[in-house]
Amino acid sequence: MAAERDNLMQMGELQRRLSTAERSVFRLETLPAYSAAGEVDLLRDFHAGRPLPPRTPETDPWLRMVADSVQAGTRWSRIHVLHRPLSDYLRFELLGYHGNVAAGEDVRIADRATAPEALGALRQDFWLLDDEFGVIIEYDGEGRRLAMEPTRDVGSLIEQRDLAMTYSIPLRDYLPTVQDELRRSW
């Protein structure tokens, strides 16, 4: 077990690798909710109906890293595979993705209702960098990150990305289809 833990990646190492990717960074998200310490106050404000602070490369260090990387020529993309009705967290996240788009990330949504059999197989979150290096992310039932495992065996990750891409649409096209489910307009 100790040897397995030695192979696990820490968030700082992931950020370093993301910022040095040369051609592409891809993220697949599959959960209806995530539990991150940095979002606790934002989620509380969202649930209370209070306005959220703008997320832009000027206000958010993560988005600054993405914007700088995109400016240097790296393509960033993400697909969230989800199902409806939207969870409270997904409503929060869908609206928050505007910051990612502003930073230059191609954010797409794959709704499981459009292809239940094909998209049903996509249950593992991961990062894929330059189609050469992957990070498989494990979560508990509450959406708390448990582990990040690096891998160079990326064939199945590329297949999953391509499958998700086949059934996804850009965020700007998806949002009007769920407008009635969103708490506030964008």
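Placed above this text is the structure.
The paragraphs below set out a description of the structure included in this document. (Residues numbered from 1 in each chain as written. Predicted model: local features only at pLDDT ≥ 70, side-chain atom pairs only at ≥ 80, totals over all residues. Heavy atoms only, no water.)

## Some thoughts on helix α5 (residues 88–102)
Structural remark: α-helix, 3.6 residues per turn; residues separated by three or four positions point the same way.
Then step 1. Maximal helix bending in α5 amounts to about 25°, located at L95.
Then step 2. Among all positions of α5, only Y89, L90, R91, F92, E93, L94, L95, Y97, G99 and N100 are buried.
Then step 3. Positive phi appears at G104, one or two residues downstream of α5, with a value of about 105°. (Bend = angle between axes of the 7 residues up to and from the residue. Helix = DSSP H or I, 4+ residues; strand = E, 2+ residues; numbered from the N terminus. Buried < 20%, exposed > 50% of the residue type's maximum accessible area, 1.4 Å probe, protein only.)

## Some remarks on the pattern of salt bridges
Then step 1. Applying the stated criterion across every chain yields a total of 17 salt bridges.
Then step 2. A salt bridge links R78 to E105; the shortest N-O distance between them is 2.6 Å. With R78 in strand β2 (residues 75–82) and E105 in the loop between α5 and β3 (106–111), this residue pair connects regions lying 27 residues apart in the sequence.
Then step 3. For E105, a relative accessible area of 3% gives the class buried.
Then step 4. Among the ionic pairs, D88 bridges to R91, the shortest N-O distance being 2.1 Å. Of this pair, D88 and R91 both sit in helix α5, three residues apart, roughly one helical turn.
Then step 5. You can call D88 partly exposed: its relative accessible area is 31%. (Salt bridge = Lys/Arg side-chain N within 4 Å of Asp/Glu carboxyl O.)

## Structural notes on the pairing of β2
Then step 1. The buried fraction of β2 is high, at seven of eight residues.
Then step 2. Bridge count between strand β1 (residues 24–29) and β2: six bridges; the pairing is parallel. Considered in β2, the bridge of V25 is made with W76.
Then step 3. In this structure, β2 lies alongside β3, joined through six bridges in parallel fashion. Each bridged residue has a counterpart across the sheet, and for H80 the counterpart in β3 is I109. (Pairing = 2+ DSSP bridges.)

## Some thoughts on the pairing of strand β5 (residues 133–139)
Then step 1. Inspection of the sheet shows strand β4 (residues 125–129) paired to β5 by five bridges, in the antiparallel sense. Residue pairing in the sheet places W127 in a bridge with V135 of β5.
Then step 2. Linking β4 back to β5 in an antiparallel pair, the connection comprises three residues, with D130 at a positive phi of about 55°.
Then step 3. Here six bridges tie β5 to strand β6 (residues 145–151), and the two strands are oriented antiparallel to one another. If you follow G134 over to β6, its bridge partner there is T151.
Then step 4. Where β5 folds back onto β6 in an antiparallel hairpin, the turn is made up of five residues, including G143, whose phi is positive at roughly 85°.

Read these as spatial facts, not as claims about activity.
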